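Results of the structural survey
Listed below, chain by chain, are the residues.
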Amino acid sequence: MSAIVASPSFHVSPSLRLGIGRFLLLAAVLAVWQFAPAYTLIDSLISRPTLVAERIFQWIANGLLIRESIATLSSVIFGLFFGGVAGSFLGLVAGFWRPVGAIVEPWLTGLFALPKSAFIPLFILWFGISGRQHVLFVATVVFFFFFFAMFNGARNVPASWRNLLALSGANAFQSIRILYIPASFGWLLAAMRLAIPHAFVAAISIEVIASRDGLGHLVKTSSAVLDATGTVAAVAWLVALSTTLGATSIKLAESARWNK
Amino acid sequence: MNIQASHSTGVFDVEPGRAPVLSFQGVSKSFSHENRSTPAIETINLDIARGEFVAFLGPSGCGKTTLLNLAAGLIKPDNGAVLRDGEPLRGPNTRVGYLTQSDALLPWRTVIANVTLPLEIRRIPRVERQARAMAMLERVGLGAFARHLPGQLSGGMRKRAALARTLVYDPKTLLLDEPFSALDAQARLAMQRQLRELVDELGLTVLLVTHDLNEAIALADRIVVFSKRPARVLEDIDIRHDPSILRQRRTSLDGSLHDRLWSLLENELEAGALR
């Protein structure tokens, strides 16, 4: 028997170890949640993981969760799209043409600081409670993230790069396409990280306040009848959805990073 | 000391009737910062003839870079005029190649995509710009690295990629602002030799800003010495280029030139310190 023969090792890769750690944390929290309420009076107020899971499966089976998710997701995705396009475009314009930037920047900084949800009643007054109005509200919220990302991205393009383009005789469109947009990519990625969860929060807030559908509506109708299981089920589903969408889109964006 | 700016027609100006490639005519420029205006250069008169290799030598921060930026058309003079081929310069000078201390390679583009960039902007067809960029990369010895990203290259290689990009659109004039100062001694020497070869081969006119005496002597045909800020021309010396000057640096001729230039700079540094 040679000493070189390796003893059976239970070597675990660092990423697997991290995954196991995270899973154990989740399991511990769920276990406490599952078993602790039995000894207290709040049992019916916070529900239990098994009840929540049961409810989620029930809702998936009868199609309710899918229907409401589509309503919320369409507000989020279209809102992100329109807010993202408008914000990036105006941010680029304001960052590229300095005088424009100097004029609009303080006003937009002020508007950014406004709590947008305080305007939901006004939004309803102006645009009604249609899905279109949800998209508009989400777009308004995410607009600012994209605006400031592109604005700062464009303003931080180094002088040496700008000179390079100028001495090649580049016009404004060439400079924007070749230099400003790719140079702002990192800023846009950072904006996306912030904008996706905020888009969900915006969509849910407006659905809670005024809507006939969407996950926010589901949260509200459940909590209105003191249905803790339903409320937690809707919120848990929402978190899963928002995290998945966020992670996927960031991954997609990052994979495109240096390809051009 | 020769305070008066001297007009040099340049030793390589073979056609006397022809306008200089670049001409600074009574050019002044100040920069304002926090409501205070600081003059960077004062009444500069200089002619750069076709085919000349001119070094601008002066203490750090004396305004040499301002002169190059004026020649590149990136800034406008307060007084006087910058002429290109006898015509006043309006807007960025697209006939020059400008290479600075920063290589300004775009990190998201491969080396070849960086080199094709000036051609892309000039709307040269794709096939042609690829071919020209590749030829230029081969010339600076980076052919094998065309598909690399700038972040994967060493400082010297990045500098050569930047040089290839500067030369790819055949500018007849090069503006170099301490281009090799960030390199180590060996890489710098190799780059200097390569630059001089390319310049001779392509018949370029060069304005090289440097505070390195040896670099000026090794490369230039003519050395213009500037005072401390605001920059004025102190001396304008023609030194004929000798292809073997890198080896000749130790000769007595160079030694005396070196001493003369050094004493000029030294005076300026002392004057600055006493201020």
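Above this text is the structure in question.
Since this is a predicted model, take the numbers as computed values, not measurements.

Remarks on the nonpolar core
Ranked by size, the top nonpolar core spans 49 residues in total, and within it Phe53, Leu137, Leu195, Val206, Ile223 and Leu261 of chain B carry the most contacts. The dominant element in this core, judged by the number of residues it contributes, is helix H4 (residues 155–167) of chain B, at six residues. Aside from chain neighbours lying at most four places away, what touches Phe53 of chain B is Leu195, Arg196, Val199, Val206, Leu208, Leu219, Ala220, Asp221 and Arg222 of chain B. Ranked by size, the runner-up nonpolar core spans 36 residues in total, among them Val138, Ala149, Ala202 and Val219 of chain A.

Thoughts on the pattern of salt bridges
All names here are of chain B. Under the defined criterion, the tally for this structure stands at 14 salt bridges over all chains. A salt bridge links Asp170 to Arg132; the nearest nitrogen and oxygen atoms lie 3.9 Å apart. Pair noted here: Asp170 is in the loop between H4 and strand E7 (173–177) and Arg132 is in helix H3 (residues 126–139), with a separation of 38 residues, a long-range link. A relative accessible area of 24% places Arg132 in the partly exposed class. The partner of Arg196 in a salt bridge is Asp221, with the nearest N and O atoms 3.4 Å apart. You can see Arg196 sitting in helix H5 (residues 185–202) and its partner Asp221 sitting in the loop between helix H6 (213–219) and strand E9 (222–226), a full 25 residues away along the chain.

Let's talk about the interface of chain A and chain B
Of the residues lining the interface, 19 residues belong to chain A; the matching set on chain B comes to 21 residues. Summed over both sides, the interface of chain A with chain B buries roughly 1,800 Å², with 68% coming from carbon and sulfur. Our count for the contact surface shared by chain A and chain B stands at one salt bridge. Between Arg177 of chain A and Glu120 of chain B there is a salt bridge, with the nearest N and O atoms lying 3.6 Å from each other. Our count for the contact surface shared by chain A and chain B stands at two residue pairs in polar contact (both at pLDDT 80 or more).

So, the pairing of strand E1 (residues 22–33) of chain B
Put simply, side chains in a regular strand alternate between the two faces of the sheet. Residues and elements named next belong to chain B. In the sheet, E1 pairs with strand E2 (residues 36–48) via nine bridges, with the strands oriented antiparallel. From the neighbouring strand, Leu22 faces E2, where its bridge partner is Ile48. What sits between the antiparallel neighbours E1 and E2 is a turn of two residues, in which Glu34 has the positive phi angle 50°. One ladder, built from five bridges, connects E1 with strand E4 (residues 79–84); its direction is antiparallel. What sits directly across from Leu22, in E4, is Arg84.

Calculation criteria
- Residues numbered from 1 in each chain as written.
- Chains lettered and ligands numbered in written order.
- Predicted model: local features only at pLDDT ≥ 70, side-chain atom pairs only at ≥ 80, totals over all residues.
- Heavy atoms only, no water.
- Core = buried A, V, L, I, M, F, W, Y, C linked by side-chain atoms within 4.5 Å.
- Buried < 20%, exposed > 50% of the residue type's maximum accessible area, 1.4 Å probe, protein only.
- Helix = DSSP H or I, 4+ residues; strand = E, 2+ residues; numbered from the N terminus.
- Contact = heavy atoms within 4.5 Å.
- Salt bridge = Lys/Arg side-chain N within 4 Å of Asp/Glu carboxyl O.
- Buried area = accessible area lost by both parts, 1.4 Å probe.
- Polar contact = N/O pair within 3.5 Å; in protein donor to acceptor, adjacent residues only side chain to side chain.
- Pairing = 2+ DSSP bridges.

Any functional reading would require information beyond the geometric quantities listed.
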